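One letter stands for each residue in the lines below.
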Amino acid sequence: MELHITLHGRKDLADQLYRQLRDGIDSGRLAAGTQLPPTRLLAEQLGVSRKTVAEAYSRLTYDNLLSGQVGRGTFITPQPLAGAPQRHDTPLASAASLERWRARGLPMGRPALEQPSRYDFAGGVSSKAHFPFDSWRQCSQHALRQCQRSTTRYGDARGLAELREAIARHIAFARGVHCDADNVQVCSGAQQALDLIARVLIEPGCTVAMEDPGYPPARHLFEALGARIQHVPVEAEGIRVELIEAGVRLIYVTPSHQFPLGMPMALARRHALLARAAELGAVIVEDDYDSEFRYEGRPTDALQSLDQHGLVAYVGTFSKTVLPELRLGYAILPPALLEPVRIAKQLSDWHTSTLSQWTLARFIGEGHLQRHIRRCHGLYAARRERILQRLDADLSPWFEAVPSTAGYHLSALAKDALDVEFVIALARKVEVGLYSLRPFYSEAPPQPGLLLGFGAIELLDIDPALDRLRDTLQSLS
């Protein structure tokens, strides 16, 4: 990599070089410890004599800004800390827009320096201890070989054909979704899938209906694109379809495992929602974020498989079944959305990492994903059962579980006038991480309660954690 130096004319070249290097060192652009090119190499790059570069280096060494190390080269010398230079920021014409973005904050974001509690019931987090890293590593090696053999420069914005085919087979098998590879759009996580769909459907001032309580990142995304949100209350059978307003353009729901409460949407309610969407000409975004893990009852049909009008965009993710850091998700799109979303994806980031796509395609194709899901299903089922047993036993004076059949979190509603936020603060002091349902409500009166994730907490840690919670609650009583 060449050092950026700009010389003008043919006069005072050593002085020009000296001053540019000194300015770079003084400003911090050239950091302490950085190795400078050898004099011969820099002279060739700049088209000057070696003597010119040597003279500039000599002056900088005399100023104690450079030091030579025998056998290694010339390095920038660490300097005493100086006060930050005064900066006068020009007022921006976009200041109001930037302030609106700052005001949004990071929904559901955990501060970077905050350490999880010893016993942590965080939702949406899986356990890395049980992930087959050796199998993933082998698939990554296969992906590297595929990339090495490839003669193309960039990939298809829709996603790697092999991965789209693998996804179509997987969700047809696991969720009964009707699709083929042509309906699949690969995305950098489910959040990008929501963003792409919203970008092609939402215009400033249009109305989006979503569940209340619901998923805050989706709400913030729709609002950021200029949508007005209709917060539709949720009851035991799901979203109250009869309250969805005329003029709604997009309806966002989590029918298989309502977020955050956890109950599935009843079949009759699903048909009613599809009928209402058809009346409005609205697209339904079905976020099926963790329903691969189902523990009781018969499977329920995805909205997408019931759709007869091309209105449902089905969104899924591998963050829950593979690794959150992978950032791979997908959308199964109705015909009207296929080309607009592909164009939006290409304009956004061209395509998702091909290396990751090859790895995941191989991981699915060789059966590793299904084996991993089956293994985790047994682990999560045991953890879920133990939490439910405790909620029905010694924790029953304070909490009642919301019925749910899938996923790896459940919700527990508080009884009487329990101050849940205070309980959470006290639990933190005894190293138990608990999470309130309150942040997921917008306009509906919040039901005090807890979201209890069991993806990352080990089975043997559940009883000690809940013992501490029980003791905390008893001390309040």
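What you see is a predicted model; the values in this text were computed from it and never measured.

(A) Geometry of the sheet that holds strand E12 (residues 329-332). Across the sheet, which stays open at both edges, the eight strands sit in the order E5-E12-E11-E10-E9-E6-E7-E8 with mixed pairing between neighbours. Looking at the sheet topology across the chains shown, the edges are occupied by strand E5 (184-187) and strand E8 (238-239). Taken together, the four bridges between strand E10 (residues 283-287) and strand E11 (residues 312-317) define a ladder with parallel strand orientation. Residue pairing across strands places Glu286 opposite Tyr314, the latter belonging to E11. On the sheet, helix H9 (residues 267-280) packs against strand E7 (228-235), E8, strand E9 (248-253), E10 and E11 and is oriented at approximately 160° with respect to E9. Along the sheet, helix H11 (residues 335-349) makes contact with E5, E10 and E11, crossing E5 at roughly 20°.

(B) Quick peek at the UniProt feature "domain: HTH gntR-type" (unreviewed entry) in the chain. Per the UniProt record, "domain: HTH gntR-type" (unreviewed entry) is found at residues 11-79. As a span, residues 11-79 carries 52% helix and 14% strand, and end to end its C-alpha atoms are 30 Å apart.

(C) How the structure looks around helix H13 (residues 368-392). End to end, H13 covers 36 Å across 25 residues, agreeing with the expected 36 Å (1.5 Å per residue, within 8%). Within H13, the full set of buried residues consists of His368, Leu369, His372, Ile373, Cys376, Tyr380, Arg383, Arg384, Ile387, Leu388, Arg390 and Leu391.

(D) Local environment of the pattern of salt bridges. Under the criterion given, the structure shown has 32 salt bridges. Taking the shortest distance from any N to any O, the salt bridge between Asp288 and Arg175 comes out at 2.7 Å. Placement of Asp288 in the loop between E10 and helix H10 (303-306) and of Arg175 in helix H6 (residues 161-175) is noted, with a sequence separation of 113 residues between them. Grouping residues by exposure puts Asp288 and Arg175 together as buried.

(E) Looking closely at the pairing of strand E14 (residues 409-414). Among the six residues of E14, five are classified as buried, and the element is accordingly described as predominantly covered. Bridge count between strand E13 (residues 399-401) and E14: three bridges; the pairing is antiparallel. Bridge assignment links Glu400 to a residue of E14, and that residue is Leu413.

Cut-offs and rules
Residues numbered from 1 in each chain as written. Predicted model: local features only at pLDDT ≥ 70, side-chain atom pairs only at ≥ 80, totals over all residues. Heavy atoms only, no water. Pairing = 2+ DSSP bridges. Helix = DSSP H or I, 4+ residues; strand = E, 2+ residues; numbered from the N terminus. Contact = heavy atoms within 4.5 Å. Axes fitted to C-alpha atoms, helices over the stretch in contact; angles between N-to-C directions. UniProt positions renumbered as here; feature names shortened; annotations may be inferred. Expected span 1.5 Å × (residues − 1). Buried < 20%, exposed > 50% of the residue type's maximum accessible area, 1.4 Å probe, protein only. Salt bridge = Lys/Arg side-chain N within 4 Å of Asp/Glu carboxyl O.

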